[in-house]
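Residues per chain are reported as follows:
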Amino acid sequence: MNAHVQAPTTVKTTCPYCGVGCGVLATPDGQGGVAIAGDTGHPANFGRLCSKGSALGETVSLDGRLLHPHVDGARTSWEAALGTVAGSLRKIAEQHGPDSIAFYLSGQLLTEDYYVANKLAKGFLGTPHVDTNSRLCMSSAVAAHRRAFGSDTVPGCYEDLDEADVIVLVGSNTAWCHPILFRRMIDARQKRGTKLVVVDPRRTQTGEEADLFLGLEPGTDTALFSGLLVHLAATGAVDARYVADHTSGFDGALERAAAIAPSVAATAAATGLSEADVAAFFALFSGTERVVTAFSQGANQSAQGTDKGNAIINCHLATGRIGRPGAGPFSLTGQPNAMGGREVGGLANMLAAHMHFAPEEVDRVRRFWKAPNIITGEGMKAVALFEAVARGKIKALWVMGTNPIVSMPRADAIRESIKGLDLYVVSEAVADSDTARATGKKTVLLPALAWGEKDGTVTNSERRISRQRAFLKPPGEARADWAIIADVAKRLGHGAAFAYPNAAAIFREHAALSAYENNGTRDFDIGGLADIPDATYAGTLPLQWPLPKRGKAKARLFADGRFYTFDGRARFVAVQAPALAQAVTEAEPFVLNTGRVRDHWHTMTRTGKSQRLSAHRAVPFVEIHPDDAARLGVQEGDLARVSTPHGSAILEAMLTDGVRRGNLFASFHWSDATASDARVGALVRGVPDPVSGQPELKATPAALTPAPYRNRGFLLTRAEYTPPSGWWWARATVEGGSGLQFATQESSRAVALAMRGLFQGLELAEYADHARGHYRCAVYDGARLVACLALAPSAAKPGWEAAKAYFAQAEPEPAARRALLSGRAESASAGPTVCACHGVGLDVITGVIAAGAGSVEAVGAACKAGTNCGSCIPEIRKLLPQVLARNAA
Ligand code: SF4
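Counting starts from 1 at the beginning of each chain's written sequence and moves along it residue by residue. Selection of residues for local features in this predicted model requires a pLDDT of at least 70, selection of side-chain atom pairs for listing and counting requires 80 or more, and totals for whole chains, interfaces and linings are taken over all residues. Note that water and hydrogens are dropped before the side-chain values are worked out from all heavy atoms of the structure.

1. Re the site of the ligand
Where we set the bar: Being near a molecule or strand, for a residue, comes down to having at least one heavy atom within 4 Å of it. Nonpolar residues are Ala, Val, Leu, Ile, Met, Phe, Trp, Tyr, Cys and Pro. Charged residues are Asp, Glu, Lys and Arg, and all others, Gly as well, are polar.
Lining the immediate environment of the ligand, one finds Cys15, Tyr17, Cys18, Val20, Gly21, Cys22, Leu49, Cys50, Lys52, Gly53, Pro179 and Ile180. Considering only residue class, the shell around the ligand consists of nine nonpolar, two polar and one charged.

2. Thoughts on the sheet that holds strand 2 (residues 23-28)
Selection rule: Pairing between strands requires that DSSP locate at least two bridges from one strand to the other. Where helices and strands are cited, they refer to DSSP runs of H or I of at least four residues and of E of at least two residues respectively, numbered from the N terminus. Working convention: axes come from line fits to C-alpha atoms, limited for helices to the stretch in contact. Angles between N-to-C directions cover 0 to 180 degrees.
Strand order in the open sheet formed by three strands is 1-2-3, and the pairing between neighbours is antiparallel. Unpaired on one side and paired on the other, strand 1 (11-14) and strand 3 (34-38) mark the two borders of the sheet. Averaged over all neighbouring strand pairs, the angle between strand axes comes to 35 degrees, with direction disregarded. For strand 2 and strand 3, the ladder comprises five bridges, and the chain directions are antiparallel. When the bridges of strand 3 are listed, Val24 appears paired with Gly38.

3. Description of the packing of aromatic side chains
To keep it simple, the criterion reads: A pair of aromatic rings is counted whenever rings of Phe, Tyr or Trp (Trp by its six-membered ring) have centres within 6.5 Å, and the orientation is called stacked for planes under 30 degrees apart, edge-to-face for over 60 and tilted otherwise. Throughout this description, buried means an accessible area under 20% of the type-specific maximum (1.4 Å probe, protein chains only), exposed means over 50%, and partly exposed covers the range between. Only Lys NZ and Arg CZ are tested; either one counts as a charge over a ring when it is within 6 Å of the ring centre and within 35 degrees of the ring normal.
Counted by the stated rule, this structure contains 23 aromatic pairs. Between Phe124 and Phe498, the ring centres sit 5.1 Å apart and the planes meet at 75 degrees, which makes this aromatic pair edge-to-face. On the criterion of sequence distance, the pair formed by Phe124 in helix 3 (residues 111-125) and Phe498 in the loop between helix 22 (481-491) and helix 23 (503-515) is long-range, its members being 374 residues apart. A single burial state applies to Phe124 and to Phe498, both of which are buried. Of the aromatic side chains, those joined through ring pairs into one cluster are Phe149, Phe558, Phe563 and Tyr564. Of note, Arg817 hangs over the ring of Tyr780, and the distance from its end group to the ring centre comes to 3.8 Å.

4. Brief notes about the state of the cysteines
Cut-off, in case you're wondering: In this description, a disulfide is simply a cysteine sulfur pair whose atoms lie within 2.5 Å.
The full count for this structure, using the stated rule, is zero disulfides. A disulfide-free cysteine, Cys157 has its sulfur positioned 16 Å from the sulfur of Cys22, the nearest such atom. You can call Cys157 buried: its relative accessible area is 1%.

5. So, helix 28 (residues 801-808)
In terms of burial, helix 28 is largely enclosed, as six of its eight residues are buried. All of the buried residues along helix 28 are Glu801, Ala802, Ala803, Lys804, Tyr806 and Phe807.

6. A word on the pairing of strand 25 (residues 663-667)
Regular strands have side chains that alternate between both faces of the sheet. For strand 25, the buried fraction is high: five of the five residues fall into the buried class. Burial of the side chains of strand 25 extends over both faces: Asn663, Phe665 and Ser667 are buried on one face and Leu664 and Ala666 on the other. Judged from the five bridges that link them, strand 21 (residues 590-595) and strand 25 form a sheet pairing that is parallel. Note that in strand 25 the partner of Asn593 across the bridge is Phe665.

7. Here's the deal with the sheet that holds strand 17 (residues 456-459)
Strand pairs in the sheet, formed through backbone hydrogen bonds, run parallel or antiparallel to each other. Taken in spatial order, the three strands of this open sheet run 17-18-19, and their pairing is antiparallel. Both outer strands of the open sheet, strand 17 and strand 19 (543-544), are each paired with one neighbouring strand and no more.

8. Considering the pattern of salt bridges
The criterion, for reference: The term salt bridge refers to a side-chain nitrogen of Lys or Arg lying within 4 Å of a carboxyl oxygen of Asp or Glu.
Scanning the model with the defined rule gives 57 salt bridges in all. Salt-bridge contacts for Glu453 lead to Arg65; the nearest nitrogen and oxygen are separated by 2.8 Å. Of this pair, Glu453 sits in the loop between strand 16 (443-447) and strand 17 while Arg65 sits in the loop between helix 1 (51-54) and strand 4 (70-71); the two residues are 388 residues apart in sequence, bridging distant segments of the chain. Arg65 matches Glu453 in its accessibility class, with the two residues each being buried. Note that Arg367 is salt-bridged to Glu517, the shortest N-O span being 2.8 Å. Residue Arg367 is located in helix 17 (residues 359-369), and its partner Glu517 is located in the loop between helix 23 and helix 24 (534-539); the two are separated by 150 residues in the primary sequence. Taking relative accessible area as the criterion, Glu517 reaches 34% and is therefore assigned partly exposed. Each member of the salt-bridge network shares a partner with another, and the members are Asp363, Arg364, Arg366, Arg367 and Glu517.

9. Details of the UniProt feature "domain: 4Fe-4S Mo/W bis-MGD-type" (unreviewed entry) in the chain
Cut-off, in case you're wondering: UniProt positions are given in the numbering used here, feature names are shortened, and annotations may be inferred rather than shown by experiment.
UniProt annotation of "domain: 4Fe-4S Mo/W bis-MGD-type" (unreviewed entry) refers to residues 8-64 when read in the numbering used here. Taken end to end, residues 8-64 is 7% helix and 26% strand, and its first and last C-alpha atoms sit 27 Å apart.

Structural data, given as structure tokens:
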């Protein structure tokens, strides 16, 4: 190497997506790009990354970024923008009271950002209305922990998954949503024969891998775990000594459980499972000491989510299987810093540092912060908060790092309500999110740093605090969220309390508050880090809390049987019988479930930039059972309208017996920026859990009807293109440009005319058979292919995989030019992408299996699919028997 060329510096940081919190090595190229690898030294992932983490390098470009402050749509200076925010907040507080101001935060924020926002609102502005999108993610788990343990404590750690003999996954598509943890579970199965039980109404990719799949009826988890508690008691599997010494409330909880599910047969009847499956599960759980029950959004996002969590915890308390290696209930958090938000008190029902609103706690935080306007009670949780916006009770709303106009239930109503706000502030990295597009009477957009630019900490599902470090320069005028908030605080006259020189200073204050007058009375104590010097903070390795000043860090809590209740005993909770918050009706006969796909994150503002990640699921879809589809005359790939009283979306039908008859599943990732008509959040009613306030996102009554269009097609362009209104479309990033799949009622002749108008002055090579409704064109600027389109009647919808490959070549060979026009490009397809890391399509994998690759390993050897991150292995494993059976027939 030339001695004058500096080797690129690799920065250790943390993945910004799910709650696994994988360590990432980022090596910037000095041109704004970055090479990504897994950090072999990070205890969450030991060097592995899933498809989303592996593609992080494709998401850091500056296109689409918000780079300058704007007030009412006009670019302005920071001075003017912050002056507008501070001036308006002061005026609104004076006129309507401070509780007319609300903050809506995000599990994507760093702990330091969260801490400063919470402090400003709850201590200085004096408004309790601070909630976060984590309300939609795991607030029911928080409530269940508090009811059972007296504190929001995740008792276990990831090593428990390595050391368990049975792992029960409840409402968790771990294979897609926490893929690296799922790899650890599969490793445990290979190493020690760990059995996987999956409890989920939908047979997901995780369910496909299960040793025992329990496909229960939606919302009946509490019946299953009530039946289990009764069974444990009836068969002598209860640890009577543990229950007597360390818990209270067992008899009441058992009595209620017996009223809900008194026997195996009653449990089967209440859940829709077979008696044999229920009995097998009960025997496995009761006969195995090392059991981890991991639960996630499927349990939490429910109008009875807190009870579901407590029904699970009851069974672990009854057997004393908590805080021990390989045993315990385990809440898997969805977002990278949902846990950090809980630590600082970024939920409306918390104050700070795991303190709530007992008078002594309020007084303690007031004295620590020297806060002039400390709040004394809970604020409104997300659903109620946005309803208060609609009622006009909230006059000012500051949204940071989240996209509620896509992700909140009844999202259309929320978009409408924003118009009435006197002040609407959005701190965002993205210029054109649906939330940034909305406007109040006064609208301020503040450019925030994105992943790779910001510096601070996040806490993952096992209480491990890791650093997110900056490795890219701040672009444009973007700033750290904490710095923006601190500047507003100064303008409001609170400069001294917000004079932070850097993120390390905020972290020290946060750590000091956690230890303040704690003396072992609160679980969250990181006092050992309260004096951490800047240099040590900069180099801090991942650490698990608690980490008190005196005493040691603990990987597991409650091993000593002492809990954070006043008497030190854990509480059994008598749960309610399961009931769906809303019953289906004749008009809305389906139960609509919503969730994630493997390769996209939330509202796609980052993963949508990656062509690899966009290839797996390129269009918004609805999963429906084949029997229901047949009854409604819907075929695979048809467009269908899914509607509820709150909104509707047009989605592509995917027929699968993975969903139960009468159920639908749709993904919430698509927004108005990425599709014409696919904001699934708008359909969801979102009845809140009465304890946690977490809205039900898994069971909204819905209708489905065919949405026939005359023609379907695709259009590949170098720059993004938005079709005329009336067309259905979905946009995906493709190599070399942007891809649209669309449907239209227009004739092929009209589409041809539109293309000629759009690409006037360029060379159009065209094929048209208007009598049959077929039209194809390729648009050239000299030798350069700038666009290509294929259109056909809906029944003969053209596939785009091969055309995408031709489009990736800027100047296609003559054979490719001919293929684009002849239609051969549509048939010579590799099929939809299965392996995002190596870009291997379904048809290729099917082909190698048909040619003799009889195992996941053999498929990997033949075509590389599944050999990198492994996120696609469940899909390959599912394909194997199907193709082998087809071959044998
Ligand atoms: Fe990121 Fe994937 Fe790890 Fe989650 S599992 S933190 S998305 S790399």
